[in-house]
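Spelled out, the chains give:
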Amino acid sequence: MHRKTPLKIIGSNAERTRLHNRKVVLGHLRSHGKLGRAELARLTGLSTQAMSNIIAELESEALILAGERQTKGRGLPAVQYTLNPAGAVALGVEVRPNAILCALVNFLGDTLYTKRIHIESSAPAVVLPAVKTACDEALSSIGKNAPPVLGAGIVMPGPFGRVGLTGAGKAELVGWDDKDPQALFEDVLQVPVRVENDATAAAIAEQTTGSATDLQSFCFVYFGTGLGLGVISNGEILRGAFGNAGELGHVVVERGGRLCSCGNRGCLETYTSRMAAREFLQKRGKSAENQKDLSDLLAVNDPDLEKWICEAADPLAQAIGTLENLFDPEAVILGGAMPPELLERLIAKLNLIDATVSVRADRTLPRVVRGASGWMTAALGAAALIIHDTYIPSISKVA
Ligand SMILES: [Zn+2]
């Protein structure tokens, strides 16, 4: 499966500047809630005339709303502008080996619709029409006068491209090896498409509506079938050259340890992941196929699950120490398809490394926190990524 890494906007021709300035204005409105024209001009360093043009353009596209006038100091009270939740929508789709999860969000990232569809195969010939139908249903759910669709975020399990890890993990989709998913999905959906891995999309969901709404730099450890990582640094997504940054599950934590599906030994996800929990419990005659099984075992304080939590906590704590030293995050968030109470217990058992750059006297947040998003996390995150692309994300630190 091939994936293009979008190029950064680095030019300065008029069109690019205009698009950039629009994004800056939307970013400020997003982080401040509401602002007047003069405040926007001051925050962005743009002239009042330039600001008036951008505001007129965004208002005509219904992406922003002019609200009440608000008095600030002397002079005529200023009109306050806000983002218009109903100004646009974005689609998010997570493709799993046996299911498609579809979400629709408004311009603020609020969820309007979600649905899970079972699929018999993850082959493109099955997935593409199923995604098209799911997206059509999502859009028709909000009525005839749906606002413009900004695009669709499609989440697929990485890694992308033929790399050493291809074939790793049991979450792999069949039949996509030599395909360009972005082009195929754009063809059937007829909207701009962005393909992202599940952990990164989940991290964005967590920043939009979850535990990271006030964070600019954080690591999101994602319990999918394996173990993924989304890194947000100063509001920007860390993606790597080929979109494959964050294969945390295949970081070796014990040399010569357990054999992993990737061919290496001692990978983190052979100890700490849903698969690892399932195998550990299966060996002890217990079923842990899904979140409910795990929740049921937790509810009765199952001693084998307790043992697994203790076993999983140690390599995870080591990995978290490494993430802290590598990325200097405000916090490490654990989330994904694990029961929240299991993540809480795992966090409680973490014996974190005493000396990392994250051990600071001025800390206000715990070093590790539990994610707040649910089972639709990656699909909602994929939709949120499309919204995320419409504004400059790291504005609050700049302002
Ligand atoms: Zn591995």
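See the structure shown above.
If you're wondering where the values come from, they're calculated on a predicted model, not measured in any experiment.

Engineer: Please clarify how the overall build of the protein chain should be interpreted in this entry.
Structural biologist: Each helix and strand counted, the protein chain has twelve helices and 13 strands in total. The contacts of the protein chain with a sequence gap of at least 6 include a subset with a gap of at least 24, amounting to 65%. When the accessible surface of the protein chain is summed, it comes to about 18200 Å², and 52% of that surface belongs to carbon and sulfur atoms.

Engineer: In this structure, what is going on with the pairing of strand S4 (residues 89–95)? I would like to understand it.
Structural biologist: Across a regular strand the side chains alternate sides, sitting on one face of the sheet and then on the other. Across the seven residues of S4, seven count as buried, placing the element largely inside the fold. Along S4, one buried face is formed by Val-89, Leu-91, Val-93 and Val-95 and the opposite face, lined by Ala-90, Gly-92 and Glu-94, is buried too. As defined by bridge partners, S4 adjoins strand S5 (residues 99–106) across seven bridges and the pair is classed as antiparallel. Within the sheet, the bridge partner assigned to Val-95 lies in S5 and is Ile-100. Hairpin connection, S4 to S5: the antiparallel pair is bridged by three residues. Pairing analysis gives five bridges linking S4 to strand S7 (residues 149–155), with the strands arranged parallel. Along S7, the bridge assignment pairs Val-93 with Ile-154.

Engineer: Is there a simple way to explain the coordination of the zinc ion in this structure?
Structural biologist: Reference geometry at the metal: tetrahedral coordination by four donors gives ideal angles of 109.5 degrees; octahedral coordination by six donors gives 90 or 180 degrees. Binding of the zinc ion to the protein goes through His-250 (ND1), Cys-260 (SG), Cys-262 (SG) and Cys-267 (SG), at separations of 2.1 to 2.3 Å. Around the zinc ion sit four donor atoms, and with donor-metal-donor angles ranging over 105 to 124° the site reads as tetrahedral. In the primary structure, the donors to the zinc ion are separated according to the pattern H-x9-C-x1-C-x4-C. Cys-267 shares its class with Cys-262; the two are buried.

Engineer: I'm lost on the side chain of Asp-304 in this one. Help?
Structural biologist: Along the chain, Asp-304 falls in helix H9 (residues 303–327). Here the side chain of Asp-304 touches Lys-286 through a polar contact of 2.6 Å, side chain to side chain. With residues up to four places along the chain from it excluded, the contact list for Asp-304 reads Phe-280, Leu-281, Arg-284 and Lys-286.

Engineer: Got a minute to help me understand helix H6 (residues 198–209) in this structure?
Structural biologist: Along an α-helix, a turn takes 3.6 residues, which lines up residues three or four apart on a common side. An ideal rise of 1.5 Å per residue puts 16 Å on twelve residues; H6 measures up with 16 Å between its terminal C-alpha atoms. Extensive coverage of H6 is indicated by the burial of eleven of its twelve residues. Residues of H6 that are buried include every one of Asp-198, Ala-199, Thr-200, Ala-201, Ala-202, Ala-203, Ile-204, Ala-205, Glu-206, Gln-207 and Thr-208, and no others. Measuring from the backbone nitrogen of Ala-199 back to the side-chain oxygen at the start of H6 gives 3.2 Å, which picks out Asn-197 as the cap.

Engineer: Please explain the nonpolar core as it appears in this structure.
Structural biologist: Side chains of a nonpolar character, in soluble globular proteins, are inclined to be buried together. Ranked by size, the top nonpolar core spans 36 residues in total, and within it Val-221, Leu-305, Trp-308, Leu-334 and Leu-350 carry the most contacts. Contributions of two or more residues to this core are made by strand S9 (218–223), strand S10 (227–233), helix H7 (274–282), helix H8 (291–299), H9, strand S12 (331–336) and helix H10 (340–349). Broken down by element, the residue count for this core peaks at ten residues, all from H9. The contact partners of Trp-308, leaving out residues within four places of it in the chain, are Tyr-271, Thr-272, Ser-273, Ala-276, Ala-277, Phe-280, Met-338 and Leu-342. Among the nonpolar cores identified, the runner-up in size contains 30 residues, and Ile-54, Leu-63, Ile-64 and Leu-101 belong to it.

Engineer: Even after reading the chapter, I still don't get the sheet that holds S12, so can you show me in this structure?
Structural biologist: Judged by pairing direction, the sheet is mixed, and its five strands sit side by side in the order S11-S10-S9-S12-S13 without closing on themselves. The outermost strands of the open sheet, each flanked by one partner alone, are strand S11 (236–237) and strand S13 (368–370). Contacting S9, S10, S12 and S13, H9 crosses the sheet at an angle of about 130° to S12.

Engineer: What should I look at first to understand the sheet that holds strand S6 (residues 111–118) in this one?
Structural biologist: Strand order in the open sheet formed by five strands is S6-S5-S4-S7-S8, and the pairing between neighbours is mixed. Every interior strand has two partners, whereas the edge strands, S6 and strand S8 (193–196), have only one. Taking each pair of neighbouring strands and ignoring which way they run, the sheet shows an average axis angle of 15°. The sheet strands contacting helix H4 (residues 124–140) are S4, S5, S6 and S7, and the helix crosses S5 at an angle near 30°. Set on the sheet, helix H5 (residues 181–189) makes contact with S4, S7 and S8; between it and S8 the angle comes to about 140°.

Engineer: How do you make sense of the packing of aromatic side chains when you look at a structure like this?
Structural biologist: One pair of aromatic rings is described through two measures. These are the centre distance and the angle between the planes. Summed over all chains, the structure comprises two aromatic pairs. Note on Trp-176 and Phe-185: the rings are 5.7 Å apart at their centroids and 10° apart in plane angle, and the pair reads as stacked. Classification of Trp-176 by relative accessible area gives buried; the value is 1%. With relative accessibility at 0%, the residue Phe-185 sits in the buried group.

Engineer: What exactly am I supposed to notice about the packing of H8 against H10 here?
Structural biologist: Between two packed helices, what matters for the description is the angle formed by their axes and the separation of those axes. Contact geometry for H8 and H10: axes closest at 9 Å, N-to-C directions at 60°. If you check the angle between H8 and H10, you find them oblique. Taking contact as the criterion, the partners of Leu-294, Ser-295 and Leu-298 in H8 are, on H10, Glu-341, Leu-342 and Arg-345. Tallied by class, the residues present in the contact of H8 with H10 amount to three nonpolar, one polar and two charged.

Engineer: Could you clarify how one ought to interpret the pattern of salt bridges in this entry?
Structural biologist: As a working rule, side chains carrying opposite charge can pair if their charged atoms are close by. Within this structure, the stated rule accounts for 18 salt bridges. Note that Asp-304 is salt-bridged to Lys-286, the shortest N-O span being 2.6 Å. Taken together, the positions of Asp-304 in helix H9 and Lys-286 in the loop between H7 and H8 put the pair 18 residues apart, joining distant regions of the chain. For the salt bridge of Glu-324 with Arg-367, the shortest nitrogen-to-oxygen distance reads 2.7 Å. In this pair, Glu-324 is assigned in helix H9 and Arg-367 in the loop between H10 and S13, connecting sequence segments 43 residues apart. By the burial criterion, Glu-324 is buried, and Arg-367 matches it. Through salt bridges with shared partners, a single ionic network connects Arg-18, Arg-22, Glu-57 and Glu-61.

How each quantity is defined
Residues numbered from 1 in each chain as written. Predicted model: local features only at pLDDT ≥ 70, side-chain atom pairs only at ≥ 80, totals over all residues. Heavy atoms only, no water. Helix = DSSP H or I, 4+ residues; strand = E, 2+ residues; numbered from the N terminus. Contact = heavy atoms within 4.5 Å. Areas by Shrake-Rupley, 256 points an atom, 1.4 Å probe, with all protein chains shown as cover. Buried < 20%, exposed > 50% of the residue type's maximum accessible area, 1.4 Å probe, protein only. Pairing = 2+ DSSP bridges. Donors = N, O, S within 2.8 Å, 3.2 Å for Na, K, Ca; no water. Tetrahedral: all angles 85-135°; square planar, octahedral: opposite > 155°, others 65-115°. Polar contact = N/O pair within 3.5 Å; in protein donor to acceptor, adjacent residues only side chain to side chain. Expected span 1.5 Å × (residues − 1). Core = buried A, V, L, I, M, F, W, Y, C linked by side-chain atoms within 4.5 Å. Axes fitted to C-alpha atoms, helices over the stretch in contact; angles between N-to-C directions. Phe/Tyr/Trp six-rings, centres within 6.5 Å; stacked < 30°, edge-to-face > 60°. Parallel < 35°, antiparallel > 145°, perpendicular 65-115°, else oblique. Nonpolar A, V, L, I, M, F, W, Y, C, P; charged D, E, K, R; others polar. Salt bridge = Lys/Arg side-chain N within 4 Å of Asp/Glu carboxyl O.

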